[in-house]
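Fold and geometry: a report
Below, each chain spelled out in residue letters.
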Amino acid sequence: AQSVSQHNHHVILSEAASLELGCNYSYGGTVNLFWYVQYPGQHLQLLLKYFSGDPLVKGIKGFEAEFIKSKFSFNLRKPSVQWSDTAEYFCAVNVWAAGNKLTFGGGTRVLVKP
Amino acid sequence: GAVVSQHPSWVICKSGTSVKIECRSLDFQATTMFWYRQFPKKSLMLMATSNEGSKATYEQGVEKDKFLINHASLTLSTLTVTSAHPEDSSFYICSAPTGGDYGYTFGSGTRLTVV
């Protein structure tokens with residue numbers, strides 16, 4: 001079965017710092033990749049996704065992610081964070097061969113200090 | 001875009017009672033609905049997949065008789081937590097694949113507290 005690993009459980013940084021969150025998955029076939037954000041008290045929102053094509057994906061709120069197939073990775077980045085980026089971030093993978101279900105990583109809690 | 005409406009947002013119930021959570025697709029037909037459970041400060045764990053007109057598929061370790069899932073129509077899927085216990089207290093989220101640009105849409109979640 002596929003698994004998704006997010007290496008950082010907690011990240012604390014100051015405003016204007018750059019952010020990179022790691023995500024690796026364990027399946028060698030065709031995958032769809034997602035990053036979701038969950039702000040305190042709110043439901044999951046899609047930040048960006050990769051289905052095919054350009055491996056560098058741009059999402060909302062200045063986030064981007066790069067799919068590196070050889071490394072089974074889909075790391076999320078933002079050049080300059082804001083206090084409002086404080087949230088929990090989840091990487092998720094859908095394996096084509098396994099149907100539509102999403103497998104989530106453990107999540108990374110990001111705290112941006114003003 | 002595609003919206004899944006989940007109700008109730010929160011519920012408190014007594015041990016031994018049953019609670020039903022509903023998820024409705026408002027502007028699309030959801031032939032499949034995923035049900036997740038999210039523990040505090042933890043990730044989402046897939047509990048089961050419901051398919052309209054057929055039996056739900058449960059993930060390993062999830063009690064079928066405790067978490068009853070029904071997908072009665074193309075717009076409604078329900079999760080009933082039967083004979084609830086305090087350890088069933090959690091945040092339950094539904095999600096439906098929408099295809100196109102969104103991939104999946106999520107309900108707003110239900111916080112269940114069993115006392």
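Look up: the structure comes first, before these words.
Here goes a summary of the coordinates provided. (Residues numbered from 1 in each chain as written. Chains lettered and ligands numbered in written order. Predicted model: local features only at pLDDT ≥ 70, side-chain atom pairs only at ≥ 80, totals over all residues. Heavy atoms only, no water.)

Let's shift gears to the nonpolar core. Residues and elements named next belong to chain A. Counting 29 residues, the largest nonpolar core has W35, L48, F74, L76 and Y89 as its most contacted members. Within the residue set of this core, elements represented by two or more residues are β2 (10-14), β3 (19-21), β5 (31-38), β6 (45-50), β8 (64-68), β9 (73-78), β10 (87-95) and β12 (108-113). Residues in contact with L76, not counting those within four places in the same chain, are L19, E20, L21, W35, L47, L48, F63, E64, A65 and Y89. (Core = buried A, V, L, I, M, F, W, Y, C linked by side-chain atoms within 4.5 Å. Buried < 20%, exposed > 50% of the residue type's maximum accessible area, 1.4 Å probe, protein only. Helix = DSSP H or I, 4+ residues; strand = E, 2+ residues; numbered from the N terminus. Contact = heavy atoms within 4.5 Å.)

Our focus in this paragraph is unusual backbone geometry. Residue P8(B) follows H7(B) across a cis peptide bond; omega there is -5 degrees. The residue P8(B) is located in the loop between β1 (4-7) and β2 (10-13) in this model. Positive phi is not limited to glycine here, since K61(A) has a value of about 60 degrees. Looking at the element boundaries, K61(A) is found in the loop between β7 (56-58) and β8. Since its relative accessible area comes to 42%, K61(A) is described here as partly exposed. The residue S83(B) is not glycine, and still its phi comes out positive at about 45 degrees.

The next thing to look at is the layout of surface pockets. Estimates place the volume of the largest pocket at around 440 Å³. In terms of lining residues, the largest pocket is bounded by 25 residues, among which Q38(A), P40(A), G41(A), E88(A) and R109(A) are the most central. Among the elements of the structure, β2, β10 and β12 of chain A together with β9 (90-99) of chain B are those that each provide at least two residues to the lining of the largest pocket. The residue inventory of the lining of the largest pocket, partitioned by class, reads 10 nonpolar, 10 polar and 5 charged. (1 Å grid on protein atoms, 1.4 Å probe; cavity = no way out; pocket = protein on both sides within 12 Å on 5 of 7 lines; lining within 4 Å. Points joined across faces, edges and corners; volume = space filled by probe spheres on them. Nonpolar A, V, L, I, M, F, W, Y, C, P; charged D, E, K, R; others polar.)

Every contact between the two is made by 19 residues of chain B and, on the other side, 18 residues of chain A. Here chain B packs against chain A, burying approximately 1500 Å² in sum over the two surfaces, 59% of which is carbon and sulfur. By the criterion of area lost to chain A, the three top residues of chain B are S43(B), Y104(B) and F106(B), representing 35% of everything that side buries. Inspection of the chain B/chain A interface yields 1 salt bridge. (Buried area = accessible area lost by both parts, 1.4 Å probe. Salt bridge = Lys/Arg side-chain N within 4 Å of Asp/Glu carboxyl O.)

Turning to a nonpolar patch on the surface, a few remarks are in order. Residue and element names in this part refer to chain B. There is a patch of nonpolar side chains on the surface, built from W10, I12 and V115 and spanning about 370 Å² of accessible area. Note that W10 resides in strand β2. A residue is classified by how much of its surface remains accessible, and W10, at 60% relative accessible area, is exposed. (Patch = residues over 30% accessible without salt bridge, like charges linked within 9 Å, V, L, I, M, F, W, Y side chains within 5 Å. Areas by Shrake-Rupley, 256 points an atom, 1.4 Å probe, with all protein chains shown as cover.)

The tally for this structure, following the rule as stated, stands at 8 salt bridges over all chains. E22(B) is paired through a salt bridge with R24(B); the nearest N and O atoms lie 3.5 Å apart. Residue E22(B) is classed as partly exposed on the basis of its relative accessible area, which comes to 25%. Judged by relative accessible area, R24(B) falls into the partly exposed class, the value being 37%. Through salt bridges with shared partners, a single network forms among K58(A), E64(A), E66(A) and R77(A).

Turning to the pairing of β10(A), a few remarks are in order. Consecutive side chains along a regular strand alternate between the two faces of the sheet. Residues and elements named next belong to chain A. For β10, a buried count of 9 out of 9 residues is recorded, marking the element as mostly surrounded by other parts of the structure. In the sheet, β10 pairs with β12 via 3 bridges, with the strands oriented antiparallel. Bridge assignment links Y89 to a residue of β12, and that residue is T108. The pairing of β10 with strand β11 (residues 102-104) spans 3 bridges and is classified as antiparallel. Among the inter-strand pairings, N94 is bridged to a residue of β11, identified as L102. Where β10 hands over to β11, the hairpin turn is made up of 6 residues, of which G99 adopts a positive phi near 85 degrees. (Pairing = 2+ DSSP bridges.)

So yeah, pure geometry; function would need other evidence.
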